[in-house]
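Inside the fold
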Amino acid sequence: MTLDYSSSFHYLVALLPECVLFVGGMGVLLAGVSKTDEQRRPELGWLALAVLAAAAVANGWLYSVSESGATAMIAVDKFRLFANWVFIVGAALTIAISLAYVSRQRLQAAEYYALIAFATVGMMVVAASRDLMIVFLGMETVSIAVYALAAFNRRDPRSAEAGLKYFLLGAFASGFLLFGIALIYGAAGSTNLQAIAVAVQDGAAAGGLMIPGMALLVTGFAFKVSAVPFHMWTPDAYEGAPTPVTAYMASAVKAAAFVAFARILFVGLDGVYDQWFPILWWIAAATMVVGNLVAVVQSSIKRMLAYSSIAHGGYLLVALVAANDAAAAGLLFYLFVYTVTTVGAFAVVVTVGRQSERDTAIEKYAGYGWRRPVLGTLMTLFLLSLAGFPGTGGFMAKFYVLQGAAEAHLWWLLVVLVLTTLVSYWYYLRVAWFMWMKEAPEGAVHRVGGATPFAIYVVLLVCGGIVLATGLLPGAAIDLAQGSVEGLRHWVAGTAPAH
Amino acid sequence: MATSYIPLLIILGVSVVNAVGMAVASHVLNPSRPTPQKAMPYESGMIPLGDTRARFSIKFYMVAISFIVFDLEAIFLIPWAVRMRELGWGPFVAVFLFVVVLAVGLAYEWKKGGLEWD
Amino acid sequence: MPSSSSSGATAPFADPASSALSEAAALPVQQAAVWEPFLPWMVVLLPLLGFVANGLLALVSATRSAAAVRAGGTEDSLSLDGGRPRTHRWPTYIGPGVMIAAFLLAIVNFAGMLGADLHEPVVAGPYWTWLATSSLRIDVALHLDQLSMIMMLVVTGVGSLIHVFSVGYMRDDPGYPRYFAYLNLFVFFMLVLVLGAGYPLMFVGWEGVGLCSYLLIGYWFADREKADAGKKAFIVNRIGDFGFLLAMFLLFDNIGALDFVSVFEGAEAAFSDNRALVTTATLLFMLGAAGKSAQVPLHVWLPDAMAGPTPVSALIHAATMVTAGVYVIARSSALFALAPASQAVVAGIGALTALLAATIALRQYDIKKVLAYSTVSQLGFMFLAAGVGAYTAAVFHLVTHAFFKALLFLGAGAVIHSLHHAFHETGSKADAQDMRNMGGLRAKMPVTWAVMGIATLAIAGVWPLAGFFSKDEIIWYAGAWAGAPGNANGSWYVVFWVVALATALLTAFYMTRLMVMTFHGRSRLGDAEQRHVHDSPWVMRAPLIVLAVLSVAGGLLNVPESLRVLVFGAAPFEWLHHWLEPVTHAAAEIQVAGMGEAAHQSPVGGGELTWALISTVAALAVVGGAFAVLRKRLYRTAAEDADPRTGLALALERKWYFDEAYDRAVVRPVLALSRWCWKIVDGIVIDGFVNLAAALARLAGWTTSLFHTGQVNTYAFVLALGVLAVLGAVYLP
């Protein structure tokens, strides 16, 4: 069917995955309060997974729906649908690694899974929006849910601290974002991305409001993707939050911000590329350098992975700076691979920590590989993929981003990317080195007792399989990604940029 | 276009001058003869004991949040209700869904015991 | 879903069913000629499945024996739980089973192609896209044409026989499942090599067979010498692989594609004004081929590769993998035809290799070494054929050589197996592979003697066995192209022709020597050993007999018109030549356009029939003469044979000092350089820089982490500073 938004009903169709997931999330919430039975926690998780599966079906169905024109508030294009796959996969994997954790930590299961569902709804809205107001709405939906998730473990003061810091700084940054949107509206007279693009083409950038608006918008998003120097909240929030939530924040939440960022920059603000190019150039370079350098000196694996996620944000920013189809496809591919790899790595962290926040020091991984060969091997695989080792998905992802950057002649950023990647091998392989090359200290025997939950094994195998598949046979995934960015840029006739 | 904002600017200026002027004027003009009685927090009142940062029960927050939610609901519903007939079915469905979502929230709060004081 | 890219071929032999159908549907006749390959991917996949299954069994077996060792037991998993464990019983069926199934599928496809009269290659697939960048796209697909079909039949057919033979040969080896896992994996990669629809996929197979070759040469890795032989094979092959890769880059740079169909279509146009480039590319391919096919000067690894189990030598180092170089050149014939200089190099290297290896084979005592040098020599013949543009002859010799050389190796394997068993029983430390320890085995092993005799006559080129036709054709073409009117290198081709003739006679001689030393004369075994020597079990004997039949009849594949009188007209006229025509005609046309038709007589006169008769008479004379002379000679056993050799004999026994020369010229300088790099460059310069960089990075990281005070107001302050910086950047450009 074709949507033209002549009737409100069309909005419901266009937002079908969001609706399904939202209603399902409310169902999980109500199912949780209707029984006070403590033993029902895992069932709520499975229910949430079923809801996600239904949303995935709806997302797949949307491929058969087309829209007339490409200017409506809600986009039904492949870019959005690909992003939705990333969010759904990220959320599903997060829920799967949370099942045992939530029971063990006696968290409020219904609220926990419902918040993940609601945050995912927000991400999908973000990916679907062609209007700055909807972007803001979606971003806030995500943020508020994730503030609560970060502070979810009420018995742990560090979790509360993480949530509070994230909330305070996030609200601060949202203010900038909203102010930027307001200024752009003031300059362009509309919050619709295409209308903004047309206005820019007609000279709206000269008015003195557009450029500061763009700058504030960029800083707001730079905060959401934790780019340097707006990254300060990230390590504290990631370290304090419950580990599965950290996985979710580092993967899906970041992906949502990048998807929205890409659409706004490529579609709405393409006409002022020359103005945002230097800002993002420097932010990307600084993010790669600082993220990687500070990761080197971390002693907690969660904090190390937090800085690593900052660094990966830097690589993804390079794709934004390149601003061509190859880089956009690389961005999507990268987000998918990175999401899967990150959740996989955190699945191991959760398991090593025995479904709690113990043993997050990297020293605790000494000798772990020999004790738990399957987990150790997969963790090594994930770390290698994060570092971008050939044969893993991480390598192909970096490769495609580099290809886009090379097409845009961003040689210096390329050099920074490659050099900082080399630095990153150090701290990734350090964990592997502890796992395989160091003997566990005497007496500090890992309590292997208690089998690894079944769901974690499934997650690990799925993640490992995807990492290897995208590394060895990236053809299908990159084809999908390349097909998903067709027409993302230059929708407005005659706005081919000069660069 | 910018000229139409000039009255706004004038009002802004007048109000700032007014507020600052009154505060400064009272400080400058009134005579200052402090005595120990005058320096007390409540002149001629009780001397306060204990910390000013008293804790409130979480129950007050629960009520406050519920109040704000339904307050906002009213803000959304009234403009719609005024023009309901002209707007037709589309907005009706939208408002209906909005109320349903709120109802789910209320049901959740109820079951959680958020409406009970004790 | 396999899809067919062939089109437009008319079908004189359309099968009745489909032509009836086409009449009924009033379709054009062309439609009926399209041939749909039947599950071609299954042929490739089956050995891979075998590898997975056998590999899992090998893992289980290894885990068990490791557990047994930890428990203080033996690591010999064969004696773990009394009887033969399942891990050692199942591979017997899985290993040869998948091979035979693949062979049957190959036959079905062959029959289909036979009936289709195909003029264009059929590309099955693409099954998936391996890699896609903006300019390079590599699809995984199978290239099915007459050439790859022949290779597929040889690989799966001879492979099946050798798998069956291995069941007997490796029966008592503790690593039985691992052996079959490697062997299946090898066949998988070999099929990828010959069926892959482009150079990149071919390269995957190329590297894969190299890997399996390494694994199987070093199969008994506990023996340091054997493990070293594996490494040597791998390293020497790397040199060739480097050439292959560079050639691929060159092709991609100039043609913009790497799949065979596009490359061969685009080659002539791409290289029309720059013949030097295509010469470079083909020479680089030649380097790769020389590495894989053990041509001078990269031949040194193949004799050492005999450290692997003998069936491995038969399959990998005689019948299939080492012929990959010939296959690459035949496959790239359209490129080589554009570069006559490269062709001359190929022919020259081939002739040189054939001669050198044959002379070395004269003075070797290890039965497998003789066969190894014989293989190198015969590969030289194939290169010579490819170098004179006689691709059919090269492939023909490849096929017949696969038959009789596999037979020779398996026969030698049977002898070694038997002697090894005998020495083992009697506790003798003698070398079961040294021919000086054999002699007079004919009476004990009549079947082995008979089949090896047939193979010897075949390789010596005695009418009417397989080698006669294939070798004769190579020699004939070398001479005939020497007389082609436009051949600028004509005088060289005369030399090649003479060398080929001489080598053919040497071949007859050293093979007769092998037969005599092994099977005839006085037995040099002790009486105790004699009692344990006997023919092999049926599982080993049956493949020998099948191969013997093929060695006899294989020559009928391609009997030239002028020689048909020799087989009384019993064979179709040049069947293989016609079969391969669609693959080779492009090269042939370019070649004829370049230097005209080949002459119809040899450089010194005489037609094909004359020279065929001369060569077979000469071969028979050499065989007979050598037999008569050598049979009377009294050889001493290896332990007693201590006479110092001198002069030519020493040079031949030392294999023309190739290993020594490499040691002096390459190995020692590289080692010295490595040591210097390690001590000075690595130890001081690089480590210094790395440590400095590491210290700086840590310092920078530590400094930056100081900003992370944990205070929200600090964070907010930095955030605000960032916003100010961005705004400043906007306003103060």
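Because the structure is a prediction, the values reported are computed rather than measured.

The rules behind these values
- Residue positions are given per chain, counted from 1 along the sequence in the order it is written.
- All chains are assigned letters beginning with A, and all ligands numbers beginning with 1, in the order in which they are written.
- Per-residue local features are limited, in this predicted model, to residues with pLDDT of at least 70; the limit for side-chain atom pairs, both in listing and counting, is 80 or more; totals at the level of whole chains, interfaces and linings are taken over all residues.
- Only DSSP runs of H or I covering at least 4 residues are called helices, and only runs of E covering at least 2 are called strands; the numbering of each starts at the N terminus.
- To sort residues by exposure, count the other C-beta atoms lying within 10 Å of each residue's C-beta; 20 or more gives buried, 12 or fewer gives exposed, and values between give partly exposed, all with C-beta atoms placed from the backbone.
- Placing C-beta atoms from the backbone, we regard two residues as in contact once those atoms come within 7 Å.
- Polar here means any residue other than Ala, Val, Leu, Ile, Met, Phe, Trp, Tyr, Cys and Pro, which are nonpolar, and Asp, Glu, Lys and Arg, which are charged; Gly is therefore polar.
- We call a set of buried Ala, Val, Leu, Ile, Met, Phe, Trp, Tyr and Cys residues a nonpolar core when their C-beta atoms link them within 7 Å.
- To obtain an axis, a line is fitted to C-alpha atoms, over the contacting stretch when the element is a helix, and the angle between two such axes runs from 0 to 180 degrees between their N-to-C directions.
- An angle counts as roughly parallel when it lies under 35 degrees, as roughly antiparallel when it exceeds 145, as roughly perpendicular when it falls between 65 and 115, and as oblique in every other case.
- Note on convention: the crossing is left-handed when the near helix lies turned anticlockwise from the far helix by less than a right angle, right-handed when the turn is clockwise.
- Multiplying one less than the number of residues by 1.5 Å gives the expected span of a helix.
- Throughout, the arc means that of the directions going from the helix axis to the C-beta atoms.
- Per residue, pLDDT captures the predictor's confidence, and it can take any value from 0 to 100.

1. Digging into the overall build of chain B
- A count of helical and extended segments in chain B gives four helices and zero strands.
- Secondary structure of chain B in N-to-C order comes out as α-α-α-α.
- Put simply, chain B has 118 residues, and 0% of those count as buried.

2. As for the interface of chain C and chain A
- In this assembly, 28 residues from chain C lie in contact with 34 residues from chain A.
- Listing elements by their share of the side of chain C that touches chain A, those giving two or more residues are β1 (122-132), α25 (658-705) and α26 (712-731) of chain C.
- At 12 residues, α26(C) tops the list of elements feeding residues into the side of chain C that touches chain A.
- Broken down by class, the residue content of the side of chain C that touches chain A amounts to 18 nonpolar, nine polar and one charged.

3. A word on the nonpolar core
- Among the nonpolar cores identified, the biggest contains 228 residues, and C:L384, C:A406, C:A478 and C:A500 are the most heavily contacted of them.
- Among the elements that line this core, the one with the most residues is helix α16 (residues 391-426) of chain C, at 22 residues.
- If we ignore the near neighbours within four places in the chain, the residues touching C:A500 are C:A351, C:A354, C:F381, C:L384, C:I474, C:I475 and C:A478.
- One finds A:V28, A:L47, A:V102 and A:A109 within the second-largest nonpolar core, a separate group that totals 225 residues.

4. What to know about the packing of helix α7 (residues 224-255) of chain C against helix α9 (residues 275-292) of chain C
Residues and elements named next belong to chain C.
- For the pair α7 and α9, the least separation of the axes is 7 Å and the interaxial angle reads 155°. Comparing their axes, α9 and α7 come out roughly antiparallel. Along this stretch, α7 crosses α9, giving a crossing that reads as left-handed. Residues V236, N237, I239, G240, D241, G243, F244, L246, A247, L250, L251 and N254 of α7 pack against L277, T280, A281, L284, F285, L287, G288, A290, G291 and K292 of α9.
- For the contact of α7 with α9, the per-class residue count stands at 13 nonpolar, seven polar and two charged.

5. Examining the environment of C:L525
Residue and element names in this part refer to chain C.
- Within the secondary structure layout, L525 lies in the loop between α19 (490-519) and α20 (527-530).
- It is 9.3 Å that separates the C-alpha atoms of L525 and L441, two residues lying 84 residues apart in sequence.
- Not counting residues up to four positions away in its chain, the partners in contact with L525 are Q530 and V533.

6. What to know about the interface of chain B and chain A
- Chain B puts eight residues into the contact, and the matching count from chain A is seven residues.
- Here the residues of the side of chain B that touches chain A sort into five nonpolar, one polar and two charged.

7. Some thoughts on α26(C)
All names here are of chain C.
- Taking 1.5 Å as the rise per residue, α26 with 20 residues should run 28 Å; its terminal C-alpha atoms sit 28 Å apart, in good agreement.
- Listing the buried residues of α26 in full gives Y715, L719, G722, V723 and V726. With its buried residues spanning 95° around the axis, α26 presents them on a single face. Looking at α26, the residues exposed on the side facing more than 90 degrees away from the buried face are N713, L721, L724, G728 and Y731.

8. Section: the environment of A:I134
All names here are of chain A.
- Mapped onto the secondary structure, I134 falls in helix α6 (residues 132-150).
- The buried category is assigned to I134, around which 20 C-beta atoms lie within 10 Å.
- Dropping the residues within four chain positions of it, I134 is found in contact with M73, V125 and S129.

9. As for the packing of helix α4 (residues 78-105) of chain A against helix α5 (residues 109-128) of chain A
Residue and element names in this part refer to chain A.
- Relative to each other, α4 and α5 sit at 170°, their axes nearing to 9 Å. Between α4 and α5, the interaxial angle falls into the category roughly antiparallel. Crossing handedness for the pair α4 and α5: right-handed. Across the interface between the two elements, R80, A83, N84, F87, A91, T94, I95, S98 and V102 of α4 pack against A109, Y112, Y113, I116, T120, M123, M124, A127 and A128 of α5.
- Across the contact of α4 with α5, the residue classes break down as 13 nonpolar, four polar and one charged.

10. Considering the confidence of the model for chain B
- For chain B, mean pLDDT is 85; residues scoring 70 or higher make up 98% of the total.
- When mean pLDDT is taken per element in chain B, helix α1 (residues 6-29) of chain B scores highest with 91 and helix α4 (residues 89-112) of chain B scores lowest with 88.

11. Quick notes on the environment of C:L580
Residues and elements named next belong to chain C.
- Tracing the backbone through its elements, the reader meets L580 in helix α22 (residues 575-595).
- Take L580: there are 23 C-beta atoms within 10 Å of it, and that puts it in the buried class.
- Once the C-alpha coordinates of L580 and Y391 are considered, the two residues, 189 residues apart in sequence, prove to be 8.8 Å apart.
- Dropping the residues within four chain positions of it, L580 is found in contact with Q146, L147, T392 and V395.

12. Quick word on unusual backbone geometry
- Cis geometry is found at the peptide bond from A:V228 to A:P229, where omega equals 5°.
- Within the secondary structure, A:P229 is located in the loop between α9 (210-224) and α10 (233-240).
- Residue C:P297 is reached from C:V296 by a cis peptide bond, and omega for that bond is 5°.
- On the secondary structure map, C:P297 appears in the loop between α9 and α10 (301-304).
- Even without being a glycine, A:S226 presents a positive backbone phi close to 45°.
- Residue placement: A:S226 occurs in the loop between α9 and α10.
- We classify A:S226 as buried; it has 28 C-beta atoms within 10 Å.

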